[in-house]
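Below are the chains, spelled out letter by letter.
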Amino acid sequence: MESYIGFCSQEIGWFGVVEELDDHFLVTECYLLEQRVSSATVNMVAEALGELTMKLINQGELEKTSKLRLWGHSHVRMGISPSGTDD
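These figures come from a predicted structure and were not determined experimentally. (Residues numbered from 1 in each chain as written. Predicted model: local features only at pLDDT ≥ 70, side-chain atom pairs only at ≥ 80, totals over all residues. Heavy atoms only, no water.)

## Describing the sheet that holds strand 5 (residues 68-73)
Turning to step 1, where the next piece is worked out: Spatially, the three strands line up as an open sheet ordered 2-1-5, and their pairing is antiparallel. The open sheet has two edge strands, strand 2 (25-31) and strand 5, and neither has a second partner. Across the sheet, the axes of successive neighbouring strands diverge by a mean angle of 40°, strand direction being ignored.
Turning to step 2, where the next piece is worked out: Packing of helix 2 (residues 46-58) onto the sheet brings it into contact with strand 1 (13-20), strand 2 and strand 5, and relative to strand 5 it is tilted by some 140°. (Pairing = 2+ DSSP bridges. Helix = DSSP H or I, 4+ residues; strand = E, 2+ residues; numbered from the N terminus. Axes fitted to C-alpha atoms, helices over the stretch in contact; angles between N-to-C directions. Contact = heavy atoms within 4.5 Å.)

## A word on the packing of aromatic side chains
Turning to step 1, where the next piece is worked out: Here the structure, examined in full by the defined rule, presents two aromatic pairs.
Turning to step 2, where the next piece is worked out: Between the aromatic rings of Y4 and W14, the centroid separation amounts to 5.8 Å while the plane-to-plane angle is 50°, which identifies the pairing as tilted. Taken together, the residues Y4 in helix 1 (residues 2-7) and W14 in strand 1 connect sequence positions 10 residues apart.
Turning to step 3, where the next piece is worked out: W14 sits in the buried class, given a relative accessible area of 4%.
Turning to step 4, where the next piece is worked out: Ring geometry for F15 versus W71: centroids 5.9 Å apart, planes at 20°, classification stacked. Remark: W71 occurs in strand 5 and F15 occurs in strand 1; sequence separation between them is 56 residues. (Phe/Tyr/Trp six-rings, centres within 6.5 Å; stacked < 30°, edge-to-face > 60°. Buried < 20%, exposed > 50% of the residue type's maximum accessible area, 1.4 Å probe, protein only.)

## Some details on a nonpolar patch on the surface
Turning to step 1, where the next piece is worked out: Together, M54, I57 and L62 give the surface a local cluster of nonpolar side chains, amounting to about 270 Å² of exposed area.
Turning to step 2, where the next piece is worked out: The partly exposed category is assigned to I57, whose relative accessible area is 34%. (Patch = residues over 30% accessible without salt bridge, like charges linked within 9 Å, V, L, I, M, F, W, Y side chains within 5 Å. Areas by Shrake-Rupley, 256 points an atom, 1.4 Å probe, with all protein chains shown as cover. Salt bridge = Lys/Arg side-chain N within 4 Å of Asp/Glu carboxyl O.)

## Some details on the environment of Y31
Turning to step 1, where the next piece is worked out: You can see Y31 is positioned in strand 2.
Turning to step 2, where the next piece is worked out: If we ignore the near neighbours within four places in the chain, the residues touching Y31 are Y4, W14, F15, V17, L52, L56, K64 and L68.
Turning to step 3, where the next piece is worked out: For Y31, the side chain forms a polar contact with the side chain of E29, separated by 2.9 Å. (Polar contact = N/O pair within 3.5 Å; in protein donor to acceptor, adjacent residues only side chain to side chain.)

What follows is the structure in structure tokens.
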């Protein structure tokens, strides 16, 4: 996730596989998909998420599709406080 932010001068978003452990969550994989970005917005291309899902299924990783629970995004190089849209 840090690399995604470091290489992008605008907002950027990603999806992640999340494992629930005893008292916390662990992000085990991240996927960078096709998206439209600006300095303040991220719009994921819906077809790209469908393509990722089909790729995981075709690779025999069906269980990962139900664990795609993270949609992260940067605020470029601003603070990490949630924006009005995030809320």
